[in-house]
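Architecture and fold: a report
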Amino acid sequence: MANKNDKKVLIRIQNLKQYFPVKKASFRDKEQLFVRANDDISLEIYEGETLGLVGESGCGKSTLGRTLLQLYNQTDGRTMYYGCDIDELAPEYVFNTLDNLVSERRKLTDLQKKEAEALKVFESLPEGDEQYHALDKLREAEKQARKAYLDITQLIGGLFVADDLAPVSKILLKEYNTSIEARKLRNKINDEQIKMEGEKSVLAEKGKSESEINNEVQKYLSNIKNHENELAKVEKEMEAIQVDIEKLRAKYSDHPDFAKNDKYRDKGIDLARLKIEEMRYLRKDMQLIFQDPYSSLNPRLTVGQIISEGLYSHKIFAKTDKKVQDYILQTMEDCGLAPYFVHRYPHQFSGGQRQRIGIARSVALKPKFIVCDEAVSALDVSIQSQIINLLLDLKEKENLTYMFISHDLSVIKYISDRVGVMYLGNIVELSTTEEIYAHPMHPYTEALFSAIPTTDVDDKKKAVILEGDIPSPIKPPSGCKFHTRCRYATDICKKVAPTFEEARPGHFVACHHKLNTAD
Ligand code: SF4
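Residues numbered from 1 in each chain as written. Predicted model: local features only at pLDDT ≥ 70, side-chain atom pairs only at ≥ 80, totals over all residues. Heavy atoms only, no water.

**What about the overall build of the chain?**
Rules: Counting from the N terminus, the helices are the DSSP runs of H or I reaching at least four residues and the strands are the DSSP runs of E reaching at least two. Radius of gyration: C-alpha atoms only; globule rule: 2.2 Å multiplied by the number of residues to the exponent 0.38. Relative accessibility under 20% of the residue-type maximum defines a buried residue, over 50% an exposed one, and the middle range a partly exposed one, all with a 1.4 Å probe and only protein chains included. Residues are treated as being in contact if the distance between any of their heavy atoms lies within 4.5 Å. Note that accessible areas follow from Shrake-Rupley with a 1.4 Å probe, and for residues the cover is restricted to the protein chains shown. Charge assignment in this entry is limited to Lys and Arg as positive and Asp and Glu as negative, and neither His nor the chain termini are counted. Charge positions come from single atoms, namely NZ of Lys, CZ of Arg, CG of Asp or CD of Glu.
A count of helical and extended segments in the chain gives 19 helices and 12 strands. What you see for the chain is a C-alpha radius of gyration of 26 Å, in line with the 24 Å of a compact globule of 519 residues. The principal-axis extents of the C-alpha atoms in the chain amount to approximately 85 × 65 × 55 Å. In the chain, which comprises 519 residues, the share counted as buried stands at 48%. Taking as baseline every contact in the chain between residues at least 6 positions apart, the subset at least 24 positions apart corresponds to 72%. Total accessible area on the chain is roughly 26400 Å²; 51% of this is exposed by carbon and sulfur atoms. Of the charged side chains in the chain, 76 are positive and 81 negative, and the gap between their average positions amounts to 4 Å.

**Concerning the pattern of salt bridges**
The following threshold applies: By salt bridge we mean one thing: a side-chain nitrogen of Lys or Arg within 4 Å of a carboxyl oxygen of Asp or Glu.
All chains considered together, the criterion is met by 35 salt bridges. Where Arg 66 meets Asp 373, a salt bridge forms, and the shortest distance between an N and an O atom there is 2.3 Å. Of the two residues, Arg 66 sits in helix H1 (residues 61-68) while Asp 373 sits in strand E7 (residues 369-373), which places them 307 residues apart along the sequence. Taken individually, Arg 66 and Asp 373 each receive the classification buried, so the pair is uniform in this respect. Beyond isolated ion pairs, a larger network of salt bridges with shared partners links Arg 78, Lys 147, Asp 151 and Arg 273.

**Quick look at the site of the ligand**
This is how it is decided: Any residue with a non-hydrogen atom lying within 4 Å of a molecule or strand is treated as near it. Throughout, the ten residues Ala, Val, Leu, Ile, Met, Phe, Trp, Tyr, Cys and Pro are labelled nonpolar, Asp, Glu, Lys and Arg are labelled charged, and all others, Gly among them, are labelled polar.
Lining the immediate environment of the ligand, one finds His 442, Pro 443, Cys 480, Phe 482, His 483, Cys 486, Tyr 488, Ala 489, Cys 493, Cys 511, His 512 and His 513. Classifying every residue of the shell around the ligand gives 8 nonpolar, 4 polar and no charged.

**Here's the deal with the sheet that holds strand E8 (residues 401-405)**
Here is the rule: Paired strands, in this sense, are two strands between which DSSP finds at least two bridges. Where helices are involved, their axes are fitted lines through C-alpha atoms of the stretch in contact, as for all axes, and angles between N-to-C directions lie from 0 to 180°.
Strand order in the open sheet made by the 8 strands is E6-E7-E8-E3-E9-E10-E12-E11, with mixed pairing throughout. Each having just a single partner strand, strand E6 (286-289) and strand E11 (501-504) make up the two edges of the open sheet. Shown here is a sheet whose adjacent strand axes are inclined to one another by a mean of 25 degrees, direction ignored. Relative to strand E10 (residues 426-432), strand E9 (residues 418-423) is paired through 6 bridges, and the arrangement is antiparallel. Each residue of the ladder has a partner; that of Tyr 423, found in E10, is Asn 426. Strand contacts of helix H15 (residues 381-398): strand E3 (50-54), E6, E7 and E8, with the helix running at about 155 degrees to E8, the strand carrying the most contacts.

**Here we look at the sheet that holds strand E1 (residues 9-21)**
Pairing is antiparallel across the open sheet formed by 4 strands, whose spatial order is E2-E1-E4-E5. Among the strands making up the open sheet, the edge pair consists of strand E2 (34-46) and strand E5 (269-270). Here strand E4 (residues 76-81) runs beside E5; their pairing, made up of 2 bridges, is antiparallel. Across the sheet, Met 80 pairs through a bridge with Asp 270, a residue of E5. H1 contacts E1, E2 and E4 of the sheet and is inclined by roughly 115 degrees relative to E1.

**Considering the side chain of Lys 395**
Relative to the helices and strands, Lys 395 is located in helix H15. For Lys 395, a relative accessible area of 11% puts it in the buried group. Among residues more than four places away in sequence, those in contact with Lys 395 are Gly 48, Glu 49, Thr 50, Leu 400, Tyr 402 and Asp 417.

**Digging into H1**
Here H1 lies mainly inside the structure; 7 of its 8 residues are buried. Listed in full, the buried residues belonging to H1 are Lys 61, Thr 63, Leu 64, Gly 65, Arg 66, Thr 67 and Leu 68. Once H1 finishes, Gln 70 follows within two positions and takes phi at roughly 60 degrees, a positive value.

**Concerning the nonpolar core**
Spelled out, the test is: By nonpolar core is meant a set of buried Ala, Val, Leu, Ile, Met, Phe, Trp, Tyr and Cys residues that side-chain atoms within 4.5 Å join together.
Of all hydrophobic cores here, the largest spans 59 residues; its most connected members are Ile 156, Phe 369 and Met 403. Once residues within four sequence positions are removed from consideration, Met 403 is found in contact with Leu 43, Ile 45, Leu 51, Leu 53, Leu 64, Gly 65, Leu 68, Phe 369, Ile 370, Val 371 and Cys 372. Core analysis: the next-biggest nonpolar cluster, separate from the first, contains 56 residues, Ile 307, Val 376, Cys 480 and Phe 482 among them.

**With respect to the packing of helix H12 (residues 303-313) against helix H14 (residues 351-363)**
Worth spelling out the cut-off: Any angle that is under 35 degrees is reported as roughly parallel, and any over 145 degrees as roughly antiparallel; angles of 65 to 115 degrees are reported as roughly perpendicular and all others as oblique. A crossing counts as left-handed when the near helix is turned anticlockwise from the far one by less than a right angle, and as right-handed when that turn is clockwise.
Relative to each other, H12 and H14 sit at 30 degrees, their axes nearing to 8 Å. Compared by their axis directions, H12 and H14 come out roughly parallel. Handedness of the H12/H14 crossing: right-handed. On H14, the residues that touch Val 303, Ile 306 and Ile 307 of H12 are Ile 357, Ala 360 and Arg 361. Split by residue class, the contact of H12 with H14 holds 5 nonpolar, no polar and 1 charged.

**Quick look at the state of the cysteines**
For the record, the criterion: Disulfide: a pair of cysteine sulfur atoms within 2.5 Å of each other.
Evaluated as defined, the whole model comprises 0 disulfides. Counting only cysteine sulfurs, Cys 480 is the nearest neighbor of Cys 59, a cysteine outside any disulfide, at a range of 15 Å. Overall, Cys 59 belongs to the buried group, its relative accessible area being 4%.

**Describing the environment of Thr 432**
In this structure, Thr 432 sits in strand E10. Take Thr 432: its relative accessible area is 35%, and that puts it in the partly exposed class. In this structure, Thr 432 is in contact with Asp 417 and Arg 418, ignoring residues within four places of it in sequence.

**Regarding the pairing of E4**
In terms of burial, E4 is a largely internal element, 5 of the 6 residues being buried. Pairing analysis gives 5 bridges linking E1 to E4, with the strands arranged antiparallel. Following the sheet pairing, Gln 14 is matched in E4 by Arg 78.

**Points about the packing of aromatic side chains**
Heads up, the rule is: Stacked, tilted and edge-to-face pairs are distinguished by plane angle, under 30 degrees for stacked and over 60 for edge-to-face with tilted covering the rest, among Phe, Tyr and Trp rings (Trp via its six-membered ring) whose centres lie within 6.5 Å. In this scheme, the term charge over a ring applies when either NZ of a lysine or CZ of an arginine sits within 6 Å of the ring centre and within 35 degrees of the ring normal.
On inspection of all chains with the given rule, the structure shows 13 aromatic pairs. Note on Tyr 149 and Tyr 264: the rings are 5.5 Å apart at their centroids and 80 degrees apart in plane angle, and the pair reads as edge-to-face. On the criterion of sequence distance, the pair formed by Tyr 149 in helix H5 (residues 129-156) and Tyr 264 in the loop between helix H9 (258-262) and E5 is long-range, its members being 115 residues apart. Taken together, a centroid distance of 5.3 Å and an interplanar angle of 65 degrees make the contact between Tyr 444 and Phe 482 edge-to-face. A residue pair is termed long-range when its members are at least 10 positions apart, and Tyr 444 in helix H18 (residues 443-450) and Phe 482 in the loop between H18 and helix H19 (491-495) qualify at 38 residues. Note on accessibility: Tyr 444 and Phe 482 belong to one class, buried. Among the aromatic side chains, those forming a connected cluster through ring pairs are Tyr 149, Phe 160 and Tyr 264. For Lys 284, the ring lying beneath its charged end belongs to Tyr 281, and the centroid distance is 4.7 Å.

Okay, structure coming up:
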């Protein structure tokens, strides 16, 4: 999935919400309150980039990182992942949508009606409080309709225009079922290969000759061959189905709305709709590095065992395969850990070394995306730079993509390609590091960045003092959530939430009175 600048999108978040229910103080409390940790966040993360997230503590940046990894049940919104093909995973939600295309489209029509009604109400009201309230409702209705529309068009694209969706459903379900068959066969081939490598290792240890080993593993080779033949047949069947799908698409391609709908067709995976075991399959792709490595390392396991755990559970190596030792030692070396550490326990290491172990455990699985949640915040400054440089080296070597969460603006500036600034559950500004530090457009970003200590004696910039406390994320202020602390706030800020929009190329901001617009 490439965007307009040809950067490949790895993750696309649309209108993501993560709310946590607040425990009621008494059974008489009627209203269920929520902590709005992430409140309507939209964002793209490109392959190979480091996206820095900054903001005061409690702004929801860690929650965003964890929600992306589906460690929480996302409350609302879409989180699309493009590091793995939908055909490869064949998740069940695809089956459910394709099987119920007719009712799904009917649901969408109802939501679109609600949206049109909300627009009518909004337009009929004079400017004022009532209209601002109607605008909130309109935006919500738009989001719900958009989400339902994307859920369908992502899978059927231009075929959305077909009057009769039954044949569309039939052929796409056939494609889906064939993908499942192919996935099962690929898994079987992988399992046999892992078992064979494990057995070879055991036999070599017993001192068997190469020809004896080859004889012993014949059964695996023949199983693999059989599965490969079956897979070839299934892939041929897939090709035939593709031809039929293209024929059906050609039938509708002249429809005036075909292209409009077809541009939303893609092979990304909607992470929030995956079942636990489907998400488990993607866990190796998407890793988390914690702030406190000690609490995330099992004290009863040695470094070697800690790194090998994931390798076995994700079926990268068989437990009997002796090659795993070399692999672990190589990973440790890549992460700056001496080979003799392999049999030591976490308590025998310093904070920096433990963080290296945490990193080694993650990168051993060859992930595509890593959330680094305050990964260096607990370390001494000298160790911080070593860990940051290690992360940058690994990123280069393994083509990793990072979301780097930190409250330390200097660290974020050093490591990030782009920076997102969060305030009370929202991303209020997002741009390239150079641009955002040179031209902050949001008053909160301006205040945050003005507090960075500088060694430049000629720097006459005054620190902008943020007045007041962060408001409660349970009942955030109306309109722009920052208005209670913003020195530029006007009447509209108190009533209407600003939209997150592209103010300069690649520079997004949510503010009614953007700063530095003339530069
Ligand atoms: S919208 Fe208004 S209150 Fe919010 S940041 Fe902009 S100027 Fe300040």
